[in-house]
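Topology and contacts: notes
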Amino acid sequence: MKMTFARKALLSAAVSAALLPVAMTATASPDRPEGPRHEGGEMRAELFDRAGIDAETREALKQAAMEHRQEVKELNDDFREQRMEILGEDGVAALERARHELREERINALVDKWELSDDERDAFNAARESFKEGAEALKAQDFENPEARHDAWRELMSSTRDQLAEILDERQLRELKHTMMPGHGDHPRGGPGEHRAHGHDKHHAPEA
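Below, the structure is looked at part by part.

Reading the values: the criteria
Residues numbered from 1 in each chain as written. Predicted model: local features only at pLDDT ≥ 70, side-chain atom pairs only at ≥ 80, totals over all residues. Heavy atoms only, no water. Helix = DSSP H or I, 4+ residues; strand = E, 2+ residues; numbered from the N terminus. Expected span 1.5 Å × (residues − 1). Buried < 20%, exposed > 50% of the residue type's maximum accessible area, 1.4 Å probe, protein only. Core = buried A, V, L, I, M, F, W, Y, C linked by side-chain atoms within 4.5 Å. Contact = heavy atoms within 4.5 Å. Salt bridge = Lys/Arg side-chain N within 4 Å of Asp/Glu carboxyl O.

With respect to helix 4 (residues 118-140)
With 23 residues, helix 4 extends 33 Å between its outermost C-alpha atoms, agreeing within 8% with the 33 Å of an ideal straight helix rising 1.5 Å per residue. Within the span of helix 4, buried status applies to Glu120, Phe124, Ala127, Arg128, Phe131, Gly134, Ala135 and Leu138.

Some details on the nonpolar core
The biggest cluster of nonpolar side chains holds 13 residues, and the ones touching the most others in it are Val111, Trp114, Phe124, Leu168 and Leu176. Among the elements of the structure, helix 3 (55-114), helix 4 and helix 6 (170-180) are those that each provide at least two residues to this core. Top element by residues in this core is helix 3. It accounts for 4 residues. When sequence neighbours within four positions are dropped, the list of residues in contact with phenylalanine 124 reads Ile107, Val111, Leu164, Ile167, Leu168 and Leu176. If you look at the next biggest cluster of nonpolar residues, it comprises 7 residues, including Phe131, Ala135, Leu138 and Met157.

Digging into the pattern of salt bridges
With the rule as written, the count across this model stands at 10 salt bridges. The partner of glutamate 46 in a salt bridge is arginine 50, and the shortest N-O contact between them spans 3.2 Å. Of this pair, glutamate 46 and arginine 50 both sit in helix 2 (residues 41-51), 4 residues apart, which is roughly one turn of that helix. Residue classification places glutamate 46 among the partly exposed positions, given a relative accessible area of 23%. Overall, arginine 50 belongs to the exposed group, its relative accessible area being 60%. Here the residues in one salt-bridge network are Lys73, Asp77 and Arg80, joined through shared partners.

What follows is the structure, given as structure tokens:
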């Protein structure tokens, strides 16, 4: 099934919201310049094409983004050091456990609300577990350069996105995104054309 640009963007946001935190311990390498949050090069190119942005401007944007990522990395490194000084190893570990437990409770409550079939729920959980295993494998893997690492993450995210597209409809994807990433705007709204990827809508969540 050919996905629209808007559906690709929605799926990517939902994948990041639901799956990235699950693999947080597998992607916490302090020198990691790329990761799942940078997935979306294909969509970015499509966006630039639609906006009529030329190659020179794209290169300037790319350089600015690289500088921004470096600055953010340095800030993140500083914060991790400060957090460790404040909490200590035991405190950091306890915080990560609590974060994981809270996220799992929210996701399970959301899946209960959707009333997915046993097969659909198993498929959803399998997609998350597959992502976690893939993330752990990528962390352990040595890459020749950051671009190779980025491509590997992008492939993992794309595969997971395709799996979710076969399980959840667009309203459920929005709910997933907003449950795990509250306060990001883009409030879910019902409307025509929101249907399950495999052709039925019996699991649509109620209107917000």
